[in-house]
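# Structural characterization, general
Residues per chain are reported as follows:
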Amino acid sequence: MAALLVWPTFVHDDYRFRIVIVSVVNACFFLASAFAITRMSAKGFVEYFTQFIFVATALVLAVRCGVTLLAPNTLQPLTNTSFIHYVYLATTSFSILALSLGFIMMINRRLQQRLEAAAFHDGLTGVFTRTAFFDSANMELARCHRSGDKVSLLIIDLDDFKSINDRFGHLGGDGVLIDFVNRTRQVLRSHDLFGRYGGEEFVALLPVTDQKQAHEVAGRICAICQRSGEAGATAFTVSIGVATVQPGGEDIGAILAQADAALYRAKRNGKNRYESHVVISTAA
Ligand SMILES: Nc1nc2c(ncn2[C@@H]2O[C@H](COP(=O)(O)OP(=O)(O)OP(=O)(O)O)[C@@H](O)[C@H]2O)c(=O)[nH]1
């Protein structure tokens, strides 16, 4: 734009030509910015507000450009007192302030969304992080305490995962974790809570689920993971510790301790199986 302005400024002083160039270039920039916002995901008030300011400013620039071309005598340098000139000055002053605010708020919202995503969802598998799982699980326990429903908790640990990493590398191991999550999601219901406890250990809270039903779910998870090698993918198995309680106001930590003890038994009894803190299960 600077190059385009050299001629009407220094070579041939042409005020109207300068207005046209500046208006057209800026209007294109504002419309392109408004279009870029259209393509953003998860838009809210701030995005629509900023988009509106872009479009409104572009329209004023277009009108100013049109007036300059169609009624050239209405615009005079320095002594310019035309209505469109006042509108232009007011709009640009306001839009600079509004756009600055809009951009700051958009960046703030994006940062907040990223922080929330990182706090709530595991970056590799997409399941709840440990903290998010604990928070949601405690709320679910309190709800089942009030309603008198039973709750079951599964701790699921991938068997011999160190040897999977050793054989297929860390990336191969990551792929197995993703495959495990996808398979387990097929078994869990939409309202079950699923989280990563740490490393290759996962937890699932099954609301309104008694021990018999929890055993069925655990057995199906063991079975679906055992079939992992069928399509040529890396084969893996899991061991599961199951705990079922009638919540009495305790927090998730107490139930986790029971499920953890059951998981320890499943590992000690040969892996690729589930065990319960009360009933010893059949092998998967
Ligand atoms: N690829 C990958 N590996 C991980 C991740 N988190 C933890 N690990 C690995 O998981 C392995 C866990 O090994 P161990 O605790 O010895 O357990 P294991 O080999 O599964 O043995 P058992 O639990 O007895 O069946 C370690 O080698 C960790 O490095 C991860 O996010 N990605």
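Cut-offs applied
Residues numbered from 1 in each chain as written. Predicted model: local features only at pLDDT ≥ 70, side-chain atom pairs only at ≥ 80, totals over all residues. Heavy atoms only, no water. Helix = DSSP H or I, 4+ residues; strand = E, 2+ residues; numbered from the N terminus. Buried < 20%, exposed > 50% of the residue type's maximum accessible area, 1.4 Å probe, protein only. Pairing = 2+ DSSP bridges. Axes fitted to C-alpha atoms, helices over the stretch in contact; angles between N-to-C directions. Contact = heavy atoms within 4.5 Å. Domains from an automatic or database assignment. Parallel < 35°, antiparallel > 145°, perpendicular 65-115°, else oblique. Left-handed = near helix turned anticlockwise from the far one by under 90°. Phe/Tyr/Trp six-rings, centres within 6.5 Å; stacked < 30°, edge-to-face > 60°. Expected span 1.5 Å × (residues − 1). Near = heavy atom within 4 Å. Polar contact = N/O pair within 3.5 Å; in protein donor to acceptor, adjacent residues only side chain to side chain. Nonpolar A, V, L, I, M, F, W, Y, C, P; charged D, E, K, R; others polar.

To continue, consider unusual backbone geometry. Unusually for a residue other than glycine, Asp160 sits at a positive phi of about 45 degrees. Looking at the secondary structure, you find Asp160 in the loop between strand E1 (151–158) and helix H6 (161–187). Phi is positive for Val208, which is not a glycine, with a value near 50 degrees. With respect to the element layout, Val208 can be found in the loop between strand E3 (201–207) and helix H7 (211–226). Residue Val208 is classed as partly exposed on the basis of its relative accessible area of 42%.

A separate point is the sheet that holds strand E4 (residues 238–245). Within a beta sheet, neighbouring strands are joined by backbone hydrogen bonds and run either parallel or antiparallel to one another. If you trace the five strands from one edge of the open sheet to the other, you get E2-E3-E1-E4-E5, paired in mixed fashion. This sheet does not close on itself; its edge strands, each paired only once, are strand E2 (193–198) and strand E5 (274–276). Direction aside, the axes of adjacent strands within the sheet are offset by 20 degrees on average. With three bridges connecting them, E4 and E5 associate as parallel partners. Among the inter-strand pairings, Ile240 is bridged to a residue of E5, identified as Tyr274. Relative to the sheet, helix H8 (residues 252–268) contacts E1, E2, E3, E4 and E5, its axis offset from that of E4 by approximately 140 degrees.

Attention now moves to the domain arrangement of the protein chain. Assigned domains within the protein chain: domain 1 (2–120) and domain 2 (130–276). When each unit is reduced to the centre of its C-alpha atoms, the spacing between domain 1 and domain 2 is 54 Å.

A separate point is the packing of helix H2 (residues 15–38) against helix H3 (residues 45–70). Their axes nearest at 8 Å, the elements H2 and H3 cross at an angle of 155 degrees. The angle between H2 and H3 falls in the class roughly antiparallel. Crossing handedness for the pair H2 and H3: left-handed.

Following the criterion strictly, the structure yields 10 aromatic pairs and no others. Ring geometry for Phe134 against Tyr197: centres 6.3 Å apart, planes inclined by 10 degrees, an arrangement best described as stacked. Placement of Phe134 in helix H5 (residues 130–147) and of Tyr197 in strand E2 is noted, with a sequence separation of 63 residues between them. Taken together through their ring pairs, the aromatic side chains of Phe29, Phe30, Phe54 and Phe103 make up a single cluster.

Moving on: H6. Residues three or four positions apart in an α-helix share a direction because the helix packs 3.6 residues into each turn. Helix length check: H6, at 27 residues, gives a terminal C-alpha distance of 22 Å against a target of 39 Å (1.5 Å per residue), a shortfall beyond 12%. Along its buried surface, H6 packs onto E1, E2, E3, H7 and E4.

The local shell around the ligand holds 16 residues, among which Asp160, Phe161, Asn165, Asp174 and Arg196 are the closest. Between the ligand and Phe161 there is a distance of 2.7 Å, counted from an oxygen atom to a backbone nitrogen or oxygen. Contact between the ligand and Lys271: an oxygen atom at 3.1 Å from a side-chain N or O atom of the residue. When residues of the shell around the ligand are assigned to their parent elements, the largest contribution, seven residues, is made by H6. Across the shell around the ligand, the residue classes break down as three nonpolar, four polar and nine charged.

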